[in-house]
Amino acid sequence: MGLDVLEAIRTRRSTRSYDSARRLPASILEALQEAVLHSPSGSNAQESHFVIVQEPGQIRRVKRFAQGISGNPAAMVALCTNQREALEKGGIDTAETLRFINLGIAAAYILLTAQSLGVSSCPVRSFHAKAVQQVLGLPEDIVPELLITLGYADKPPRPKTSKPSREVVSYDRYGKEHL
Amino acid sequence: MIVTEKNISEEELHNRILDFAAYVLTAARGLYKEPQSYGPMRLADALEKAVQLLEDAGVRDDSIEGALAVIREHRWQATSNPEAFAEALDEAIRQLVQVTLEDARKQELANESKRA
C-alpha cells in the first residue's frame, strides 16, 4: 500500500544520489507502466511513448549522453512523443504544444507513483536528444523529451527553496490573495 | 603525485574514458540552451569526474583535495545560489594558489641546493 496522493506530492523531492546496489523490483516497474497507461492525452491522440530503461548497460549508455543525470539510478523512463501521430491524430495544436502538456501529466503520474511506493526520482531535460534517440533505438518520428531517473536515495534531499504562495497562486483574478 | 595500481580493468577504463568524453561533449552542447549558471556546475562536475577517472587509472594527487572538498560542499548551490558557488570557487582557487606557491618554493630550494 503506497502513500496517498497529497502525501506523495508533499514529500517528493528530486534525488541526485542513489544507492547503486539496489535495483527496482518488477512490481515497481509494473506500477509505473500502469500509471502511464492511465495518463490522459488531449484529443485522445495517445501520441506519447515511454521507454523504461532498467538494464545496467543501457542505463550507462543513456547516461553517457545525458549530462543532467546525477548519481547511479536503478532505472529511468524516457518520455517520448511520436510526432507523426501527434499531428495525424491531434492536429497542429497537439504537434506544437499539447504533446508537451500530455508528457508533463504523464511525468507527474510517474513521479507520484514512484514516490508513493518509496522510490525516489528526478526529472532530467539536460540530454542530447538525438544521441538518446539512437541509443534507445527509437524510430525517427519518436523523440525523447524528458528523462526521469528512479532509484533509492542514499542521501537526504537538498534544502527546499520555494516562492511565497501569493507569487504562485491567485484567487479569482491575478494578484488577489485568498484571505 | 602518487602513481598507484589501477583499480579497474582495461575494459572498464575504456568505458570510463568514453563516459567522460561523452559527458564533456554533451555538456558543452547543452550549454548553448541552458541557463548561464549551468556552465560552472558542468565544469565542476567535469573536474570531479576527471579526478575520479585518474584515481581509478592509478594516478592520485592529494594536493587538490582541499579545493575539491570546498567545491563538493557547495556543489548543490551552483544553480540555486550562484553567488555562494562563485565564492566557493574563489576559495578553491585560493587553495590552489597556495599549492602553486608552495611548489614554487620547493622548486627554488631544489635549484639552490643543486647550485650549492
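This is a predicted model, so every value here is computed, not measured.

Caption draft 1: Spatial organisation of the layout of surface pockets. In this model, the second largest pocket occupies a volume close to 1100 Å³. In terms of lining, the second largest pocket is formed by 41 residues, of which the most central are A:P123, A:V124, A:R125, A:S126 and B:Y38. Mapped onto the lining of the second largest pocket, the elements with two or more residues apiece are α1 (5-11), α4 (83-116), β3 (120-124), α5 (129-135) and β4 (142-151) of chain A together with α1 (10-30), α2 (38-56) and α4 (77-80) of chain B. Looking at which element gives the most residues to the lining of the second largest pocket, the answer is α2(B), with four residues. Counted by class, the lining of the second largest pocket contains 15 nonpolar, eleven polar and 15 charged residues.

Caption draft 2: Seen up close, the nonpolar core. All names here are of chain A. Ranked by internal contacts, the top residues of the largest apolar core, which has 20 residues, are L24, L32, L79, I110, V119, I148 and L150. The element contributing the most residues to this core is α4, with six residues. If sequence neighbours within four positions are ignored, V119 has contacts with L24, I28, A114, L150, G151 and Y152. Among the nonpolar cores identified, the runner-up in size contains 18 residues, and I59, A78, V132 and I142 belong to it.

Caption draft 3: Examining the sheet that holds β4(A) more closely. All names here are of chain A. On the basis of which strands lie adjacent, the open sheet formed by four strands has the order β1-β2-β4-β3 and antiparallel pairing. Here the strands that pair on one side only, and so sit at the sheet edges, are β1 (48-53) and β3. Neighbouring strand axes in the sheet, compared pairwise and without regard to direction, differ in orientation by 25 degrees on average. Relative to β4, β3 runs antiparallel, the two being bridged by five bridges. Residue S121 lies in a different strand from β4, and its bridge partner there is L150.

Caption draft 4: Main features of the interface of chain A and chain B. Contacts between the two partners involve eleven residues from chain A and, on the opposite side, 16 residues from chain B. Together chain A and chain B conceal approximately 1200 Å² of surface at their shared face, both sides included; 47% is due to carbon and sulfur atoms. By the criterion of area lost to chain B, the three top residues of chain A are A:R60, A:R64 and A:Q67, representing 58% of everything that side buries. There are three salt bridges connecting chain A and chain B. Among the residues making up the side of chain A that touches chain B, the classes are represented as three nonpolar, five polar and three charged.

Caption draft 5: Just the packing of helix α2 (residues 26-37) of chain A against α4(A), in detail. All names here are of chain A. At a closest axis distance of 9 Å, the pairing of α2 and α4 adopts a crossing angle of 145 degrees. Like other packed secondary-structure pairs, α2 and α4 cross with a definite hand, here right-handed. Along its contact with α2, which presents A31, L32, A35 and V36, the element α4 presents Y109, I110, T113 and A114. Counted by class, the contact of α2 with α4 contains seven nonpolar, one polar and no charged residues.

Caption draft 6: Fine view of the environment of A:G104. Residues and elements named next belong to chain A. As for its position among the elements, G104 is in helix α4. When its relative accessible area of 38% is taken as the criterion, G104 is described as partly exposed. Taking the C-alpha atoms as reference points, G104 and S116, separated by twelve residues in sequence, lie 18 Å from one another.

Caption draft 7: Structural detail: the environment of B:S9. Residue and element names in this part refer to chain B. Position of S9 among the secondary structure elements: in the loop between β1 (2-3) and α1. We classify S9 as partly exposed; its relative accessible area is 43%. Measuring from C-alpha to C-alpha, the distance between S9 and D56 comes to 9.5 Å, with 47 residues separating the pair along the chain.

Caption draft 8: Region of the structure containing the packing of aromatic side chains. Following the criterion strictly, the structure yields zero aromatic pairs over all chains and no others. The cationic tip of A:R22 hangs over the ring face of A:Y152; the distance from NZ or CZ to the ring centre is 3.7 Å. In this structure, B:K49 packs its charged tip against the face of B:Y23, placed 4.6 Å from the ring centre.

Caption draft 9: Main features of the state of the cysteines. Residue and element names in this part refer to chain A. Inspection of every chain in the model, using the stated rule, returns zero disulfides over all chains. Left unpaired, C122 is separated from the closest cysteine sulfur, that of C80, by 17 Å. The class for C122 is buried, based on a relative accessible area of 5%.

Caption draft 10: Expanded view of the pattern of salt bridges. The full count for this structure, using the stated rule, is 19 salt bridges over all chains. Across the pair A:K89 and A:E85 runs a salt bridge whose closest N-O atoms are separated by 3.4 Å. With A:K89 and A:E85 both in helix α4 and four residues apart, this pair spans about one turn of that helix. You can call A:K89 partly exposed: its relative accessible area is 48%. We note a salt bridge from B:D56 to B:R16, for which the minimum N-O separation is 2.4 Å. One end of the pair, B:D56, is in helix α2; the other, B:R16, is in helix α1, and 40 residues separate them in sequence. Put simply, A:R60, A:R64, B:E12 and B:D19 are held in one network by salt bridges that share partners.

Here is what the cut-offs are and how they apply
Residue positions are given per chain, counted from 1 along the sequence in the order it is written. Here the convention is simple: chains get letters from A, ligands get numbers from 1, in the order in which they are written. For a predicted model such as this one, the threshold for reporting local features is a pLDDT of at least 70, and the threshold for listing and counting side-chain atom pairs is 80 or more; totals across whole chains, interfaces and linings nevertheless cover every residue. Just so you know, side-chain values use all the structure's heavy atoms and leave hydrogens and water out. Only protein atoms enter the 1 Å grid used here, on which a cavity is any set of points holding a 1.4 Å probe that cannot leave and a pocket is any open set flanked by protein within 12 Å on both sides along at least five of seven lines; residues with an atom within 4 Å of a point are listed as lining. Grid points are joined across faces, edges and corners, and a volume is the space filled by probe spheres set on the points. Elements are defined by DSSP. Helices are runs of H or I of four residues or more, strands are runs of E of two residues or more, and each kind is numbered from the N terminus. Side-chain classes follow a simple rule in which Ala, Val, Leu, Ile, Met, Phe, Trp, Tyr, Cys and Pro form the nonpolar group, Asp, Glu, Lys and Arg form the charged group, and the remainder, Gly included, forms the polar group. Only buried residues count toward a nonpolar core. Its members are Ala, Val, Leu, Ile, Met, Phe, Trp, Tyr and Cys residues joined through side-chain atoms within 4.5 Å. Partly exposed describes any residue whose relative accessible area lies between the buried limit of under 20% and the exposed limit of over 50%, with all areas from a 1.4 Å probe on protein chains only and scaled to the type maximum. In what follows, residue pairs with any heavy atoms lying within 4.5 Å of each other are defined as contacts. Strand pairing follows a simple DSSP-based rule, namely that at least 2 bridges must link the two strands. Only the stretch in contact is used when fitting a helix axis, every axis being a line fitted to C-alpha atoms; angles between N-to-C directions are given from 0 to 180 degrees. Once two parts are brought into contact, the accessible area they lose, counted with a 1.4 Å probe and summed over both, makes up the buried area. Salt bridges, as used here, are contacts in which a Lys or Arg side-chain nitrogen is within 4 Å of a carboxyl oxygen on Asp or Glu. Rotating anticlockwise by less than a right angle from the far helix to the near helix defines a left-handed crossing, while the corresponding clockwise rotation defines a right-handed one. The aromatic pairing rule takes the rings of Phe, Tyr and Trp, using the six-membered ring of Trp, and pairs them if the centres are within 6.5 Å, calling planes under 30 degrees apart stacked, those over 60 edge-to-face and the rest tilted. As a reminder, the over-ring test applies to NZ of lysine and CZ of arginine, requiring each to be within 6 Å of the ring centre and within 35 degrees of the ring normal. Only a pair of cysteine sulfur atoms within 2.5 Å counts as a disulfide in this structure description.

Coordinates in, geometry out; function isn't part of it.
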